[in-house]
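Structural characterization, general
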Amino acid sequence: LPAKAGAVATLNVAFRPAMLVKAAETVRLTLPGFTGPYATYVKVRWNDGTARASWSESHARLDLTVPSDVMPNELVTVVVTPSKFQIALPLEGVRTSDPIFKIWTNAMDGPVANTPIVSTAPVGSFMTTPTLVFDVDARPGAQTRISFSCVPQMEIAIGETITLRLPGFTGGSDGPLDGFL
């Protein structure tokens, strides 16, 4: 299933430090808008092994304790699953390569201050704006005009679709369908 704004999700993180990062040093991800209960010293997948991680919603940060030395330019992949952390995506979704998300480390061979994460996968959201309005004289079982409106929190490109599911509604698909954004 695709990731959904406001829902608990698996976080996949990959980075390549330019310097040596030693065991027991910290890599911190600052993730504004993400939510979830405080958790500390939880095991997460780090390359082929595990690392300890802590989550603080009040600081919007995930601290990863480096389990073993990471060589310069070594690819590190971290997977944080919902079975370990109940971290939910922001309600407003995630923009492509949003610079609000940061990475930091206290590595002795080259500490890195909060630096924007250069690539983030987008997750769209309509927040609380979707509305469905019927004609004032609408009756069960009778035809009626339906108006749907929303304010997307993401870019919608030409050719992409918005699907509106209306369980329990009946009728043909041959009537007029007007829409615009």
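Before reading on, note that the structure itself is shown above.
Residues numbered from 1 in each chain as written. Predicted model: local features only at pLDDT ≥ 70, side-chain atom pairs only at ≥ 80, totals over all residues. Heavy atoms only, no water.

**Points about unusual backbone geometry**
The condition is simple: Elements are defined by DSSP. Helices are runs of H or I of four residues or more, strands are runs of E of two residues or more, and each kind is numbered from the N terminus. Exposure classes here rest on a 1.4 Å probe applied to the protein chains alone. A residue is buried below 20% of its type maximum, exposed above 50%, and partly exposed in between.
We note that Ala24 has phi near 80 degrees; this positive angle belongs to a residue other than glycine. Relative to the helices and strands, Ala24 is located in the loop between strand S1 (11-15) and strand S2 (26-30). Looking at Ala24, the relative accessible area reads 59%, which means it is exposed. With phi around 70 degrees, Asn73 is a residue other than glycine that occupies positive phi space. By the element assignment, Asn73 lies in the loop between strand S5 (61-65) and strand S6 (76-80).

**Structural notes on the nonpolar core**
Put simply, the rule is: Here, the term nonpolar core denotes a set of buried Ala, Val, Leu, Ile, Met, Phe, Trp, Tyr and Cys residues that are joined through side-chain atoms within 4.5 Å. Any pair of residues with heavy atoms lying within 4.5 Å of one another is described as a contacting pair.
Core analysis: the largest hydrophobic core is formed by 32 residues, its most contacted members being Phe34, Trp46, Leu62, Leu64, Val78 and Phe85. Element by element, the count of residues in this core is highest for strand S3 (residues 39-46), at four residues. Those residues in contact with Leu64 that sit more than four places away from it in its chain are Glu25, Thr26, Val27, Leu29, Val44, Trp46, Arg52, Ala53 and Val78.

**Quick look at the packing of aromatic side chains**
How two aromatic rings sit relative to each other is given by the distance of their centres and the angle of their planes. Selection rule: In this scheme Phe, Tyr and Trp rings, the latter by its six-membered ring, pair at centre separations within 6.5 Å, and the angle between planes marks the pair as stacked below 30 degrees, edge-to-face above 60, and tilted otherwise. Our definition puts a charge over a ring when NZ of Lys or CZ of Arg is within 6 Å of the ring centre and also within 35 degrees of the ring normal.
If you walk through the whole model with that rule in mind, you get two aromatic pairs. On the basis of an interplanar angle of 75 degrees and a centroid distance of 6.0 Å, the ring pair of Phe15 and Trp46 is categorised as edge-to-face. One end of the pair, Phe15, is in strand S1; the other, Trp46, is in strand S3, and 31 residues separate them in sequence. By relative accessible area, Phe15 is classed as buried at 13%. Trp46 gets classed as buried once you look at its relative accessible area, which sits at 5%. Look at Phe34 and Phe101: their rings are 5.7 Å apart centre to centre, the planes differ by 85 degrees, and that puts the pair in the edge-to-face class. Pair noted here: Phe34 is in the loop between S2 and S3 and Phe101 is in the loop between S6 and strand S7 (102-105), with a separation of 67 residues, a long-range link. Given a relative accessible area of 4%, Phe101 falls into the buried group. Just above the ring of Trp104 sits the side chain of Arg28; from NZ or CZ to the centre is 4.3 Å.

**Re the pattern of salt bridges**
Note the threshold: A side-chain nitrogen of Lys or Arg and a carboxyl oxygen of Asp or Glu constitute a salt bridge if their distance falls within 4 Å.
Summed over the entire model, instances satisfying the criterion amount to two salt bridges. For Asp63, the salt bridge identified is with Arg28, shortest N-O distance 2.6 Å. Of the two residues, Asp63 sits in strand S5 while Arg28 sits in strand S2, which places them 35 residues apart along the sequence. Salt-bridge contacts for Asp63 lead to Arg61; the nearest nitrogen and oxygen are separated by 3.5 Å. Residues participating in the shared-partner salt-bridge network are Arg28, Arg61 and Asp63.

**Describing the side chain of Thr105**
The line we're drawing: Two N or O atoms form a polar contact when they lie within 3.5 Å of each other; inside protein one atom must be a possible hydrogen donor and the other a possible acceptor, and for residues adjacent in sequence the pair counts only when both atoms belong to side chains.
Along the chain, the position of Thr105 falls in strand S7. At 2.7 Å, the side chain of Thr105 forms a polar contact with the backbone oxygen of Thr26.

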